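Residues per chain, in single letters:
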Amino acid sequence: MLAKLTTRFVNQLSLNIANPQKNVYGQIAAFLQRKNRFLVEKAVHLSKIESQHNVLEIGFGRGFGLQAAFKAIQGGTGRLYGIDPSLYMLEMAGMQLSDELRSGRLFLIAENVMVMSFRDNTFDRVYHVNSFYYWPRLESALKEIHRVMKPNSLMVTTVDLKQLRSSKLRGLMKYGNCDLLLYMTCLESVGFQHVRIEYVQDDKRPYQVIYAETGKK
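No experiment lies behind these values; they were computed from the predicted model shown. (Residues numbered from 1 in each chain as written. Predicted model: local features only at pLDDT ≥ 70, side-chain atom pairs only at ≥ 80, totals over all residues. Heavy atoms only, no water.)

Asker: Quick question: what am I supposed to make of the overall build of the protein here?
Answerer: The secondary structure content of the protein amounts to 9 helices and 7 strands. The C-alpha atoms of the protein give 17 Å as radius of gyration, which agrees with the globular expectation for 217 residues (17 Å, within 12%). Each principal axis of the C-alpha distribution contributes one length, and for the protein these read about 55 × 40 × 40 Å. Every one of the 217 residues in the protein was classed for burial, and the buried ones make up 51%. Within the protein, contacts between residues separated by at least 24 positions form 74% of all contacts whose residues are at least 6 apart in sequence. Across the protein, 29 positive and 19 negative side-chain charges occur, with their mean positions spaced 5 Å apart. (Helix = DSSP H or I, 4+ residues; strand = E, 2+ residues; numbered from the N terminus. Rg over C-alpha atoms; globule rule 2.2 N^0.38 Å. Buried < 20%, exposed > 50% of the residue type's maximum accessible area, 1.4 Å probe, protein only. Contact = heavy atoms within 4.5 Å. Lys, Arg positive; Asp, Glu negative; His and termini not counted. Charge placed at Lys NZ, Arg CZ, Asp CG, Glu CD.)

Asker: Help me understand the packing of helix α2 (residues 24-32) against helix α5 (residues 87-96), please; the structure alone is not making it clear to me.
Answerer: At a minimum axis separation of 11 Å, α2 and α5 run at an interaxial angle of 50°. Between α2 and α5, the interaxial angle falls into the category oblique. Between α2 and α5 the crossing geometry is right-handed. Within the contact between the two elements, α2 uses G26, Q27 and A30 and α5 uses Y88, M89 and M92. Looking at side-chain class alone, the contact of α2 with α5 contains 4 nonpolar, 2 polar and no charged residues. (Axes fitted to C-alpha atoms, helices over the stretch in contact; angles between N-to-C directions. Parallel < 35°, antiparallel > 145°, perpendicular 65-115°, else oblique. Left-handed = near helix turned anticlockwise from the far one by under 90°. Nonpolar A, V, L, I, M, F, W, Y, C, P; charged D, E, K, R; others polar.)

Asker: How should I be thinking about the nonpolar core in this particular structure?
Answerer: If you look at soluble globular proteins, the nonpolar side chains tend to sit buried side by side. Within the largest apolar cluster, 36 residues are counted, with the highest numbers of intra-cluster contacts made by L142 and I145. Counting only elements with at least two residues in this core, the list comes to β1 (55-58), β2 (80-84), β4 (123-129), α7 (138-148), β5 (149-159), α8 (161-169), α9 (180-189) and β7 (206-213). Those residues within four positions of L142 in sequence are excluded, and the remaining contacts are W135, M155, Y183, C186, L187, V190 and F192. (Core = buried A, V, L, I, M, F, W, Y, C linked by side-chain atoms within 4.5 Å.)

Asker: It is not clear to me how unusual backbone geometry should be interpreted in this structure. Could you clarify?
Answerer: Negative phi characterises most residues that are not glycine, and trans characterises most peptide bonds. A positive phi is found at N130, a non-glycine position, where the angle reads about 50°. By the element assignment, N130 lies in the loop between β4 and α7. Of note in the backbone geometry, H194 takes a positive phi value of approximately 50° without being a glycine. For H194, the location among the structural elements is in strand β6 (residues 193-201). On the basis of relative accessible area, H194 is assigned to the exposed category, the value being 51%.

Printed below as a string of structure tokens:
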């Protein structure tokens, strides 16, 4: 009985890590997102966002990255967009970012990365953290991202391989594929350029960052 309960718990938590719902498992998944704050703030910093940039975060979760990115566009003409398929995350981030939303320069959208409502060549910067593992058709998603990015724009994702390995061992990556090589190969196959990974030895914790540029398109 205990084994069955444990299996059910891990399975439900894994589902909600992939797409949090408004239930006890989704609440736990949302709580665990605190561990992502370091990585998402690094992704924002490494994106080198300027105040005139239009910026997109894919899979914004509780909104930690959007808080950091909003500071970068203040004082300019840039706009910040976040998409996430989870209505629960939309609700949580909306409460967290109420002041930013009232400014009229931050927009949260319940949307799937596979088919986005944005026009071609909209964004100067795109970033995502712990998101691509759950895209059902990785190459199609990246092609869609490439479509909405401007020429000579940049996409950044940060990764903690140690954390990923730990999550996988505990069965929490059951519904995700964290194959970095596949991700980088697909980036190149849909037209991204200068795709590269860097291993960063930060004072707080080591992490990895993957860069991809659109070039002239």
